[in-house]
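Chain residues, written in single-letter form:
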Amino acid sequence: MTTNGYHNGSLALASYGARWRVLRWLCTAEMFVRKQINMTTSIQRKCVEDMVEWIEKDGFGGNCILLGKYVFLAAFNMLGNLVDPELEKGVEFYSAMNMVMEWSGRANVSDLFSWIGWIDL
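The model shown is predicted, which means the values in this text are computed figures rather than measured ones.

1. Comments concerning the overall build of the protein
A tally of regular secondary structure across the protein gives 6 helices and 0 strands. Counted from the first residue to the last, the protein has its helices and strands arranged as α-α-α-α-α-α. Residues classed as buried in the protein amount to 14% of the 121 residues present. Considering only contacts within the protein whose residues lie at least 6 apart along the sequence, 26% involve residues at least 24 apart. In the form shown here, the protein has an accessible surface area of approximately 9700 Å², with 61% of it arising from carbon and sulfur atoms.

2. Some details on helix α5 (residues 88-104)
Here α5 contains 17 residues, and its C-alpha end-to-end distance of 24 Å stays within 8% of the 24 Å for a straight helix at 1.5 Å per residue. Where the residues of α5 are buried, they touch α4 (67-82).

3. Remarks on the pattern of salt bridges
On inspection of all chains with the given rule, the structure shows 1 salt bridge. Asp50 serves as the salt-bridge partner of Lys46, at 3.0 Å between the closest nitrogen and oxygen. On the criterion of helical spacing, the pair formed by Lys46 and Asp50 is a turn pair, its members being 4 residues apart in helix α3 (residues 41-58). Residue Lys46 is classed as partly exposed on the basis of its relative accessible area of 46%.

4. Quick look at a nonpolar patch on the surface
A contiguous nonpolar patch, built from Val109, Leu112, Phe113 and Trp115 and spanning about 470 Å² of accessible area, is present on the exposed surface. Inspection of the secondary structure puts Val109 in helix α6 (residues 109-112). Since its relative accessible area comes to 37%, Val109 is described here as partly exposed.

5. Description of the packing of α3 against α4
For any two helices packed against each other, the geometry is given by the interaxial angle and the distance between the axes. One can describe the packing of α3 onto α4 by two numbers: an axis separation of 9 Å at closest approach and a directional angle of 150°. Classed by the angle they form, the pair α3 and α4 counts as roughly antiparallel. Considering how the two elements wind past one another, α3 and α4 form a crossing that is right-handed. On α4, the residues touching Ile43, Gln44, Cys47, Met51, Trp54, Ile55 and Asp58 of α3 are Leu67, Tyr70, Val71, Leu73, Ala74, Asn77, Met78, Asn81 and Leu82.

The rules we used
- Residues numbered from 1 in each chain as written.
- Predicted model: local features only at pLDDT ≥ 70, side-chain atom pairs only at ≥ 80, totals over all residues.
- Heavy atoms only, no water.
- Helix = DSSP H or I, 4+ residues; strand = E, 2+ residues; numbered from the N terminus.
- Buried < 20%, exposed > 50% of the residue type's maximum accessible area, 1.4 Å probe, protein only.
- Contact = heavy atoms within 4.5 Å.
- Areas by Shrake-Rupley, 256 points an atom, 1.4 Å probe, with all protein chains shown as cover.
- Expected span 1.5 Å × (residues − 1).
- Salt bridge = Lys/Arg side-chain N within 4 Å of Asp/Glu carboxyl O.
- Patch = residues over 30% accessible without salt bridge, like charges linked within 9 Å, V, L, I, M, F, W, Y side chains within 5 Å.
- Axes fitted to C-alpha atoms, helices over the stretch in contact; angles between N-to-C directions.
- Parallel < 35°, antiparallel > 145°, perpendicular 65-115°, else oblique.
- Left-handed = near helix turned anticlockwise from the far one by under 90°.

Encoded structure:
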């Protein structure tokens, strides 16, 4: 994640320090306020309804389902619905999310061979 600089803009990936504290403050002051959360209620509700629909469809007839898969899809849809794909930042967001999904599906060599973990491939 440090290769493309994503750790610089993410609260989850940033190391603790002055930058992390600023990101945390921005989240607390701007994003996690009741007004902002209430503005997205309809999007949240639609994404949860879609998730329940997918689960009902795939679990029909007693089939086993992977709940984590559906929660991830619902969260990804919710984020995607909050970002306008026509704006420059929206294109950047979708590109970054696509890269994250690509990289998360690839094997990390240092996970297979722990003795080369210091390289952080």
